[in-house]
Amino acid sequence: MKMEKKLSARTNFILTVVFLIFMALLLYLADRYMDSYKLRVVRLIAIYGIMAVSLNLINGITGIFSLGHAGFILIGAYTASLLTLSPEQKAMSFIIEPIVPWLANVHTDFFTATVAGGVLAAVFAFLIGWPVLRLSGDYLAIASLGFAEVIRIIALNAISITNGPLGLKGIPEYSNIWWCYGWLFVTVLFMASLVNSSYGRALKAIREDRIAAEAMGINVFKHQLLSFVIGAFFAGVSGSLYAHWLTTIDPRTTTLGPMLTFYVLIMIVLGGLGSISGSLIGAALFAILFEWLRDLEEPFTFFGIHVPGIKGMRILVISAIFILVMIFWQRGIMGREELTWNNLYRWLFARRKGGEEK
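Residues numbered from 1 in each chain as written. Predicted model: local features only at pLDDT ≥ 70, side-chain atom pairs only at ≥ 80, totals over all residues. Heavy atoms only, no water.

(A) Structural detail: the overall build of the protein chain. Within the protein chain, the regular secondary structure consists of 16 helices and two strands. Relative to a compact globule of 358 residues, whose C-alpha radius of gyration would be 21 Å, the protein chain shows 22 Å and is just as compact. Along the first, second and third principal axes, the C-alpha atoms of the protein chain reach 75 × 65 × 40 Å. Sorting the 358 residues of the protein chain into buried and exposed places 46% on the buried side. Looking at the protein chain alone, contacts between residues at least 24 apart form 80% of all its contacts between residues at least 6 apart. For the protein chain, the centre of its 28 positive side-chain charges and the centre of its 21 negative side-chain charges are spaced 8 Å apart. (Helix = DSSP H or I, 4+ residues; strand = E, 2+ residues; numbered from the N terminus. Rg over C-alpha atoms; globule rule 2.2 N^0.38 Å. Buried < 20%, exposed > 50% of the residue type's maximum accessible area, 1.4 Å probe, protein only. Contact = heavy atoms within 4.5 Å. Lys, Arg positive; Asp, Glu negative; His and termini not counted. Charge placed at Lys NZ, Arg CZ, Asp CG, Glu CD.)

Set out below in structure tokens:
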């Protein structure tokens with residue numbers, strides 16, 4: 001039996017460094033030469049990527065069917081926004097009721113606000129996960145979905161803290177291309193290290209067979225809770241970036257509502273449950289399609305036929321694509337495989353070998 005060819009650790013490291021330098025150069029060129037609209041889409045890809053990777057840790061790698069991710073994103077978005085808005089902006093924005101005194105004069109930099117949003121989301125994940133993770137299957141999904149809706153209703157009614165239905169306006173547009181992709185890099189690096197550790201192998205064992213994992217001495221509840229908290233932290237970080245990308249947040253819209261969870265779920269299923277690189281591919285495809293298909297909601301002419309704009313048409317098209325993928329490509333684009341240098345080398349080597357045999 002022939003041994004499978006693998007690249008050395010040094011070669012992997014060199015290729016990774018070259019790839020990161022190449023990506024940094026691409027981002028620099030994009031930041032300098034792209035128009036504002038395309039640049040917003042490029043930044044959105046990174047934000048969606050963080051959302052997708054964080055949910056994939058919970059749903060794909062650990063096997064927890066959670067539908068409450070939008071709640072953690074919303075917590076991160078409001079926390080970071082309230083911390084970066086100046087006292088003067090808060091005084092002007094809170095019209096219905098004045099903001100609570102302990103928040104009125106609090107003002108921090110973007111990095112601190114982003115970390116604070118992630119930490120608060122993680123705290124809520126711990127408080128919610130402690131009772132909810134004792135459930136399983138559909139019961140867990142319904143409970144987590146209920147949590148996301150509860151958070152949204154609180155944001156809608158806690159007027160002296162969140163400004164209620166008026167939302168927060170004039171949020172500084174701090175989410176530039178470097179912040180977005182810098183946090184994406186941190187997220188992917190952390191998740192990849194986690195998944196390839198002994199802790200990550202325990203999470204995969206829980207996903208495959210919870211009872212067998214428990215029989216092998218793995219504390220299932222502890223591992224699931226920690227995975228839930230870590231995923232929520234990065235969801236909170238993405239919420240901060242998302243709010244400072246939107247520059248305005250409102251709990252009544254779909255941008256931070258329960259539909260956002262289903263958008264992120266489409267990304268990870270499209271890319272492949274359990275695959276970090278698949279999550280990134282799914283997030284990029286969703287972001288590009290979501291913006292590219294926006295024209296379907298405006299009046300357009302198709303082969304000489306005038307078609308009026310149909311609101312929600314792009315979601316209908318994306319849903320149809322998603323259904324087709326689920327029918328013909330059930331494991332998603334990557335399945336549970338990762339886009340590593342060894343896998344790429346193995347694929348290229350197999351193709352070259354196959355061509356030589358022919």
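Now, onward.
(B) Quick peek at the environment of tryptophan 292. Within the fold, tryptophan 292 resides in helix 14 (residues 276-292). Exposure remark for tryptophan 292: the relative accessible area of 63% places this residue in the exposed category. Linking tryptophan 292 and serine 198, residues 94 residues apart in sequence, is a C-alpha distance of 41 Å.

(C) Quick look at helix 3 (residues 69-84). The end-to-end C-alpha distance of helix 3 is 23 Å, a good match for the 22 Å that 16 residues give at a rise of 1.5 Å each. Counting buried positions along helix 3 gives 16 out of 16 residues, so the element sits mostly inside the fold. (Expected span 1.5 Å × (residues − 1).)

(D) Seen up close, the nonpolar core. Ranked by size, the top nonpolar core spans 89 residues in total, and within it Tyr48, Tyr181, Tyr242 and Ile249 carry the most contacts. The biggest single contributor to this core is helix 2 (residues 36-61), with 15 residues. Beyond its immediate stretch of four places on either side in the chain, tyrosine 48 contacts Tyr242, Met267, Ala283, Phe286, Ala287 and Phe290. The next biggest cluster of nonpolar side chains, apart from the first, holds five residues, and it includes Ile206, Ala213, Ile218 and Val220. (Core = buried A, V, L, I, M, F, W, Y, C linked by side-chain atoms within 4.5 Å.)

(E) Here's a closer look at the pattern of salt bridges. Using the criterion set out here, one finds six salt bridges in the structure. Among the ionic pairs, arginine 43 bridges to glutamate 173, the shortest N-O distance being 3.3 Å. Residue arginine 43 is found in helix 2, and its partner glutamate 173 is found in the loop between helix 8 (159-162) and helix 9 (177-195); the two are separated by 130 residues along the sequence. Using a relative accessible area of 8% as the deciding quantity, one classes arginine 43 as buried. Exposure remark for glutamate 173: the relative accessible area of 44% places this residue in the partly exposed category. (Salt bridge = Lys/Arg side-chain N within 4 Å of Asp/Glu carboxyl O.)

(F) Local environment of the packing of aromatic side chains. Taken as a whole and judged by the stated rule, the model has 16 aromatic pairs. Centroid distance phenylalanine 72 to phenylalanine 147: 5.0 Å. Interplanar angle 40°. Geometry classified as tilted. Placement of the pair is phenylalanine 72 in helix 3 and phenylalanine 147 in helix 7 (residues 137-157), with a sequence separation of 75 residues. No difference in accessibility class separates phenylalanine 72 from phenylalanine 147, as the two residues are buried. (Phe/Tyr/Trp six-rings, centres within 6.5 Å; stacked < 30°, edge-to-face > 60°.)

(G) Structural context of the packing of helix 9 against helix 12 (residues 220-246). Between helix 9 and helix 12, the shortest axis-to-axis distance is 11 Å and the interhelical angle comes to 170°. On the basis of the axis angle, helix 9 is roughly antiparallel to helix 12. Side by side, helix 9 and helix 12 meet where Trp179, Cys180, Trp183, Thr187, Phe190, Met191 and Leu194 of the first sit next to Ile230, Phe234, Val237 and Leu241 of the second. Split by residue class, the contact of helix 9 with helix 12 holds 10 nonpolar, one polar and no charged. (Axes fitted to C-alpha atoms, helices over the stretch in contact; angles between N-to-C directions. Parallel < 35°, antiparallel > 145°, perpendicular 65-115°, else oblique. Nonpolar A, V, L, I, M, F, W, Y, C, P; charged D, E, K, R; others polar.)

(H) Local environment of the layout of surface pockets. Of the pockets and cavities examined, the largest pocket occupies roughly 1700 Å³. As for the largest pocket, its lining consists of 41 residues, of which Phe19, Leu20, Val188, Leu280 and Leu339 are closest to the centre. Of all the secondary-structure elements, those providing two or more residues to the lining of the largest pocket are helix 1 (9-33), helix 2, helix 9, helix 10 (198-208), helix 14 and helix 16 (341-357). In terms of residue count, helix 1 provides more of the lining of the largest pocket than any other element does, 11 residues in total. Taken together, the residues of the lining of the largest pocket break down into 27 nonpolar, nine polar and five charged. (1 Å grid on protein atoms, 1.4 Å probe; cavity = no way out; pocket = protein on both sides within 12 Å on 5 of 7 lines; lining within 4 Å. Points joined across faces, edges and corners; volume = space filled by probe spheres on them.)

(I) Structural view of the side chain of histidine 69. Here histidine 69 shows up in helix 3. Polar contacts involving the side chain of histidine 69 include one to the side chain of serine 54, which spans 2.9 Å. In this view, histidine 69 contacts Met51, Ser54, Leu55, Ile58, Gly231, Ala235 and Thr261; residues no more than four positions away in its chain are not counted. (Polar contact = N/O pair within 3.5 Å; in protein donor to acceptor, adjacent residues only side chain to side chain.)

(J) Main features of the environment of histidine 244. By the secondary structure assignment, histidine 244 is in helix 12. Separated by 187 residues in the primary sequence, histidine 244 and leucine 57 have C-alpha atoms spaced 24 Å apart. Apart from residues lying up to four places away in sequence, histidine 244 is in contact with Ala80, Ser81, Thr84, Phe110, Ile171, Pro172, Glu173, Tyr174 and Ser175.

(K) Quick peek at empty space enclosed by the protein. Inspection of the entire model under this criterion finds one cavity of 30 Å³ or more. The volume enclosed by the largest cavity comes to roughly 40 Å³. Taken together, Ile266, Leu270, Phe286, Leu289, Ile318, Ile321 and Phe322 make up the full set of residues lining the largest cavity. Elements supplying a minimum of two residues to the lining of the largest cavity: helix 13 (259-271), helix 14 and helix 15 (313-328). Counting residues per element, the lining of the largest cavity draws most heavily on helix 15, at three residues.

Read these as layout, nothing more, since geometry by itself doesn't imply function.
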